[in-house]
Amino acid sequence: MKIINALVLFLSLNVITPALIAQEEQCNPCEGDCCDPNCMAGELGDLDDFSSEADILSAIDPNDLIPPKGEGAQGWIRRDKELPYTVLFENLPAATLPAQRVEITLPLNETVDLDAFTLGDFGFSFVFVDVPEDTNYYYEILPFSYLFGVQVEVEAGVDTAMRKAYWVFQSLDSLTGQPPSDPLAGFLPPNDTASGSGEGFVMFTVFPDSSSQTFDTIDAKASIVFDDNPPILTPMSLLTIDADPPASTIDTVFYNLDSARYQEVLSGTDIGSGLRNY
């Protein structure tokens, strides 16, 4: 299978983690265990101290969104610009259980061309999956029981009726094909920060809609849910469309007709992002 080949290359050549992806995207490094100051990084007891009367075991998750770069404070982009996004997720080292299910959703507003939506690569723990180009729907049961003790069902795509992108990672018992009944069985363990074993990422690309106008905006905020926990939102990304080209003029003023000395005066206007230079 192509996925297994991709995994072999991944394991033999390099360990690609969301932290490296963030570095390539020029993402600011996170501080502490959590990229999002609003994420739920609760104090949970150690497994050795577990008692059914006092402690609750669960997976916990900080998350982040790496958007495409726009110009200036308003994030100006051209209407024909390709917009690649990456969503990062992590089961914190303080978590007391592996995650069995991770669900990511990201609403796409009216200024996004849904027909141009494409899925990018994704990965988690030590798995990297190279998604074919021009893919807008993906489904596969990844046979990685030898890594995690479970298979991983992955479904991703775009819901055009609800205008949202989605990814669902579900652990499956390799014998029953159903979600595992053992709470200690899951595909994403509490993170080991040295190896990134509890980290994951998904990528996708969109384009602004061809009918969008200057000053229209594209906002993006992903929701990530670990198992039955409440959803946690990534920071909001906001881009502003500049659909109108600038207008410029050149006026020539002659000082001396005999020597053909002259001065050119350049001027221009733009109703969107403005003029950077001539």
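Residues numbered from 1 in each chain as written. Predicted model: local features only at pLDDT ≥ 70, side-chain atom pairs only at ≥ 80, totals over all residues. Heavy atoms only, no water.

Let us now look at a nonpolar patch on the surface. A surface patch of nonpolar side chains, amounting to about 280 Å² of accessible area, comprises Tyr137, Tyr139 and Ile141. Along the polypeptide, isoleucine 141 turns up in strand S7 (residues 137–142). For isoleucine 141, a relative accessible area of 33% corresponds to the partly exposed category. (Patch = residues over 30% accessible without salt bridge, like charges linked within 9 Å, V, L, I, M, F, W, Y side chains within 5 Å. Areas by Shrake-Rupley, 256 points an atom, 1.4 Å probe, with all protein chains shown as cover. Salt bridge = Lys/Arg side-chain N within 4 Å of Asp/Glu carboxyl O. Helix = DSSP H or I, 4+ residues; strand = E, 2+ residues; numbered from the N terminus. Buried < 20%, exposed > 50% of the residue type's maximum accessible area, 1.4 Å probe, protein only.)

Here the focus is the sheet that holds strand S8 (residues 151–159). Sheet architecture is open: six strands sit in the order S7-S8-S9-S4-S12-S13, paired in antiparallel fashion. At either margin of the open sheet sits one strand with a lone partner, and together these are S7 and strand S13 (232–233). Pairing between strand S4 (residues 101–107) and strand S12 (residues 223–226): four bridges, direction antiparallel. The residue of S12 that forms the bridge with threonine 105 is serine 223. (Pairing = 2+ DSSP bridges.)

What follows is about the sheet that holds strand S2 (residues 76–78). Within the open sheet, the three strands sit side by side as S2-S14-S11. Their pairing is mixed. The open sheet has two edge strands with one neighbour each: S2 and strand S11 (217–220). Adjacent strand axes in the sheet meet at a mean angle of 35 degrees when their direction is disregarded. Bridge count between S11 and strand S14 (residues 237–242): four bridges; the pairing is antiparallel. (Axes fitted to C-alpha atoms, helices over the stretch in contact; angles between N-to-C directions.)

Moving on to the packing of aromatic side chains. According to the stated counting rule, one finds 13 aromatic pairs in the structure shown. When the centroid spacing of 6.0 Å and the interplanar angle of 35 degrees are considered together, the rings of phenylalanine 128 and phenylalanine 201 count as tilted. Separated by 73 residues along the polypeptide, phenylalanine 128 in strand S6 (residues 127–129) and phenylalanine 201 in strand S10 (residues 199–206) bring together distant segments of the chain. Phenylalanine 201 shares its class with phenylalanine 128; the two are buried. Clustering of aromatic rings is evident, with ring pairs tying together Phe89, Phe122, Phe124, Tyr138, Phe148, Phe169 and Phe187. (Phe/Tyr/Trp six-rings, centres within 6.5 Å; stacked < 30°, edge-to-face > 60°.)

Do not read the fine detail of predicted coordinates wherever pLDDT is low. With 65% of its residues at a pLDDT of at least 70, the protein reaches an overall mean of 78. Here helix H1 (residues 2–13) stands out as the element of the protein with the lowest mean pLDDT, 35, in contrast to strand S9 (residues 164–172), whose mean of 98 is the highest. Across residues 1–56 the pLDDT falls below 50, and counting only partners more than four positions away or on other chains, this stretch makes 80 contacts in the model. (pLDDT = per-residue confidence, 0-100. Contact = heavy atoms within 4.5 Å.)

Note on pairing: side chains with opposite charge can pair once their charged atoms come close. Under the criterion given, the structure shown has three salt bridges. Across the pair glutamate 103 and arginine 101 runs a salt bridge whose closest N-O atoms are separated by 3.4 Å. Look at arginine 101 and you get partly exposed, because its relative accessible area is 30%. Across the salt bridge formed by arginine 163 and glutamate 110, the nearest N and O atoms sit 3.8 Å from each other. With arginine 163 in the loop between S8 and S9 and glutamate 110 in the loop between S4 and strand S5 (118–124), this pair connects stretches of sequence that are 53 residues apart. The exposure class of glutamate 110 is exposed, given its relative accessible area of 61%.

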